[in-house]
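Now for the letters of each chain:
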Amino acid sequence: LSVSVSVSMSVDYHQDYHNMDFKYDEDDAAAGAAASIDYQKHQTPTNSHEEEPNGNENNGSSSRPAQWPVPLETEAPSAGAAAAAAQLSNLSMPKKKSSILGASANLVNSIVGAGIIGIPYAFRMSGLWAGVLLLVLVSVLTDKSLRLLIEQASFHPRLRHLPINTFEDLASYPFGKFGSGFVLFNMFIMAYGAMVAYLLIIKDTIPTVMGFEHGQNLLERNLILVATSLFIMVPLSMQRDMASLSCTSALSVTADMILVLFIAAFSPIKENVAANGGFGEVLKNDGINSTLFVGLGILSTAMACQHSSFIVANSLENKTRQRWRWVTNQSLSLSAILCLILGICGYLGFLGTTQGDVLNNFPLDSMQANAARILLAFTMFFTYPMESFVARHVLIMLVHNGDMDARGGFTLENESIVEQEELGEAAGIGDDGSVHTTHTAGTVGSIIEGGGVLCMNRRQTWTVMVYLMTLLPALIFSDIGPVLSLTGAVGGSCISYIGPGLVYLGLNGEEFLNKVGGWLDSWRRAKGHATTGNNNTGLSEGDLPVEGNASLEIPQNVKFSYESITSGSKPLLYYLGLFPLWTSVANNGATHTQKKIESANVITRGGSADESKETLPPPSKWDYITCMFFIMFGAVSAVAGVLSNVYVQMNGVDEV
């Protein structure tokens, strides 16, 4: 009887899980039962590794981890059903964890993909000096944004007890449905563009090594691309957790380092530099080009990894701020060094004739060049699955609300096992309340995956769908340069710079408004203008310590409303610094964040943050300046990058 009741209640939770529509109702002001219902429908699947303490009493209510969805009924469910529900909420989260080295290898592999082979072409488009400076700047910004995103999601004082496991989850707090949609859209652009570029590189390298000249034998090249990608890339992409790719990522990074050494050793740098007047003349004449933003787009594509940052961070064992900082610092430092060496050496070796894939500049019959092509293809085989994970995640979030595993789905392979589980046959409830199913081979505790087509489960089905979507353009097009540049200009700028900046400003909007309000209040008092701050201080400009009355002070913890900032006189710097825009974003973000946190607390019944978990310090002035720079830099990069690409393609500027 206990087995059938627990399984039945598990099915009820499973039904609620599938009813999630991944919509965020930012206009919902209800904070009672209505907010509870609204949030439960809108919250995405989350992860929890906490277990309900035994014997814990709290006024008769069950002590439940903050990540667990709370049922709508007033009566608490049994412990077995609650544990089964917790297991359901864990289905789409990593089951394997990585060490710092493994997570770093995965992150480096995500960064040093197709973009690295296009770095010399990026330097050609932007100019040597500008390219080097931009690469350093993009690397620093990427490291900062990676730490910013994960720290806000995991260690923010108001969010650390809530289940925020994805970039789009984090963006939904300050900006609701628009924020999550913005992130998902650009994540898909980045992943999709990168995967097409990887396939184009395979199309360039393997057939060339086999004797098919670049630009010719299109049918043979496409057949080789289909065969190699189908039998190598697709099986690796079928893996469930990114931690499973740690070994292949380490091999890929090793191949990248060897490839960089090859470019540095065999590029005809001496001959080409001498033919162009010497090294000093090259440096003198190669500073900044008019196609600067085309190069920036490629650099943004090369270094962008924010779209996979949460996947890597969630796979990190014992995630702390320090351990994540080690991962990002190691990964970005190694990636930047590799990109600098390959970019400078590759560009100086061919200068104005540098192609989008620099290996196409090397002779076809060169044994060293063919060895490098094999290394590059080797890297692409192992890097493609990283981006496939991201694209698959986006599509499953949009279509299935994040339920990748579709536990209990009816595929031909597991239909009989599912029937046994639902009937309570050959099933048992473990000590933690989880449902275990005994297979004929005697394996216990296997999670059933379904929801796919033919003989595949949902995860495998979407993996194949993503592969086919990227294969089609790779069969049609041949030039990797525009693919990398446009991907970086649109997706890279939004996901790497604009998104993190907006999220940070929105989540910390209240503190930002207080800082701006304090600045304006001080300026108004100094100029003798009437202040419009909140009237809860008991002091006004007439009470300032003038005429010897130095005992009065203006309290330091005054909160300034958005209305008090927008009304009244303001200095010119307020408008030149775009503060009307920043305060509007901060106000909207603070309002929506507060509403969603209140709804989340209703569902989690207040939750209980792990007191041993780190907490972020309050934002500083420089933190806000950084996030505003992120937004402006990303906006300029996106607009100028798209326009520059249109100009280059229409005028044939990149033709060799």
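Residues numbered from 1 in each chain as written. Predicted model: local features only at pLDDT ≥ 70, side-chain atom pairs only at ≥ 80, totals over all residues. Heavy atoms only, no water.

**Q** Kindly report on the overall build of the chain, identifying the contributing residues and their values.
**A** Counting secondary structure elements, the chain contains 24 helices and two strands. For the chain, the residues scored as buried account for 55% of the 656 residues in total. Once local pairs closer than 6 in sequence are excluded, the contacts in the chain between residues at least 24 apart make up 81%. Of the roughly 27,500 Å² of accessible surface on the chain, a fraction of 60% belongs to carbon and sulfur atoms. (Helix = DSSP H or I, 4+ residues; strand = E, 2+ residues; numbered from the N terminus. Buried < 20%, exposed > 50% of the residue type's maximum accessible area, 1.4 Å probe, protein only. Contact = heavy atoms within 4.5 Å. Areas by Shrake-Rupley, 256 points an atom, 1.4 Å probe, with all protein chains shown as cover.)

**Q** Give me the nonpolar core: which residues, what numbers.
**A** Core analysis: the largest hydrophobic core is formed by 139 residues, its most contacted members being Leu170, Leu359 and Phe512. Residue contributions to this core peak at 21 residues, all from helix H8 (residues 167-209). In this view, Leu170 contacts Leu149, Gln152, Ala153, Leu159, Ile164, Phe310, Val503 and Leu507; residues no more than four positions away in its chain are not counted. (Core = buried A, V, L, I, M, F, W, Y, C linked by side-chain atoms within 4.5 Å.)

**Q** Break down the environment of Ala638 for me, citing the residues and quoting the values.
**A** Considering the arrangement of structural elements, one finds Ala638 in helix H24 (residues 621-651). Accessibility expressed as a relative area gives 13% for Ala638, which makes it buried. When near neighbours in sequence (up to four residues on either side) are disregarded, Ala638 contacts Ala489 and Ser493.

**Q** Describe the side chain of Ser237, naming the residues involved and giving the relevant values.
**A** On the secondary structure map, Ser237 appears in helix H9 (residues 218-237). In this structure Ser237 touches Tyr384, Pro385, Ser388, Phe389, Arg392 and Thr463, once residues within four positions along its chain are discounted.

**Q** Describe the packing of helix H6 (residues 119-126) against helix H13 (residues 292-303), with residues and values.
**A** Two elements in contact, H6 and H13, have axes separated by 6 Å at closest approach and are oriented at 155 degrees. Here H6 lies roughly antiparallel to H13, going by the angle between them. Classified by chirality, the crossing of H13 by H6 is left-handed. Judged by residue contacts, Ile119, Tyr121, Ala122, Phe123, Met125 and Ser126 of H6 engage Leu292, Val294, Gly295, Ile298, Leu299 and Ala302 from H13. Looking at the contact of H6 with H13, its residues break down into 10 nonpolar, two polar and no charged. (Axes fitted to C-alpha atoms, helices over the stretch in contact; angles between N-to-C directions. Parallel < 35°, antiparallel > 145°, perpendicular 65-115°, else oblique. Left-handed = near helix turned anticlockwise from the far one by under 90°. Nonpolar A, V, L, I, M, F, W, Y, C, P; charged D, E, K, R; others polar.)

**Q** Any chance you could break down the confidence of the model for the chain for me, citing the residues and the numbers?
**A** Residues with a pLDDT of 70 or more make up 72% of the chain, whose mean pLDDT is 76. Note on residues 408-447: pLDDT is under 50 here. Beyond four places in sequence and across chains, it has 67 contacts. (pLDDT = per-residue confidence, 0-100.)

**Q** Residues and numbers for a nonpolar patch on the surface, please.
**A** Together, Leu486, Val642, Val646 and Met650 give the surface a local cluster of nonpolar side chains, amounting to about 360 Å² of exposed area. Examining the composition of the nonpolar patch, we find that three residues originate from one element, H24, more than from any other. Examined against the element boundaries, Val646 turns out to sit in helix H24. By relative accessible area, which is 41% here, Val646 ends up partly exposed. (Patch = residues over 30% accessible without salt bridge, like charges linked within 9 Å, V, L, I, M, F, W, Y side chains within 5 Å. Salt bridge = Lys/Arg side-chain N within 4 Å of Asp/Glu carboxyl O.)

**Q** Help me get a handle on H8, residues and values and all.
**A** Compared with an ideal rise of 1.5 Å per residue, which puts 43 residues at 63 Å, H8 spans 40 Å between its outermost C-alpha atoms and falls more than 12% short. At Phe175, H8 shows its largest kink, close to 145 degrees. Among the 43 residues in H8, 35 count as buried, and that is most of the element. Phi for Gly211, located one or two positions after H8, is positive at around 105 degrees. (Expected span 1.5 Å × (residues − 1). Bend = angle between axes of the 7 residues up to and from the residue.)

**Q** Can you break down the packing of aromatic side chains residue by residue, with the values?
**A** A complete count under the given rule lists 15 aromatic pairs for this structure. The interplanar angle of 20 degrees and the centroid separation of 6.1 Å between the aromatic rings of Phe167 and Phe310 together place this pair among those described as stacked. With Phe167 in helix H8 and Phe310 in helix H14 (residues 309-314), the pair connects residues that are 143 residues apart, well separated along the chain. Exposure class is identical for Phe167 and Phe310. Each is buried. Summarising the aromatic geometry, the rings of Tyr504 and Tyr624 are spaced 6.0 Å apart at their centres and angled 65 degrees between planes, so their arrangement reads as edge-to-face. Within this pair, whereas Tyr504 is found in helix H19 (residues 480-507), its partner Tyr624 is found in helix H24, the two being separated by 120 residues in sequence. (Phe/Tyr/Trp six-rings, centres within 6.5 Å; stacked < 30°, edge-to-face > 60°.)

**Q** An account of the pattern of salt bridges is needed here, citing residue identities and associated values.
**A** Inspection of the entire model under this criterion finds seven salt bridges. We note a salt bridge from Asp521 to Arg525, for which the minimum N-O separation is 2.7 Å. With Asp521 and Arg525 both in helix H20 (residues 509-527), this residue pair falls four residues apart, about one helical turn. Per residue, the accessibility class of Asp521 equals that of Arg525, and both read buried. Each of Glu151, Arg321 and Arg325 takes part in salt bridges that share partners, so that together they form one network.

**Q** Hey, could you go over the side chain of Thr228 for me, with residue numbers and the actual values?
**A** Here Thr228 lies in helix H9. Taking relative accessible area as the criterion, Thr228 reaches 17% and is therefore assigned buried. Within the structure, the side chain of Thr228 is placed 3.2 Å from the backbone oxygen of Leu225, a separation counted as a polar contact. Among residues more than four places away in sequence, those in contact with Thr228 are Ile202, Ile206, Met233 and Phe381. (Polar contact = N/O pair within 3.5 Å; in protein donor to acceptor, adjacent residues only side chain to side chain.)

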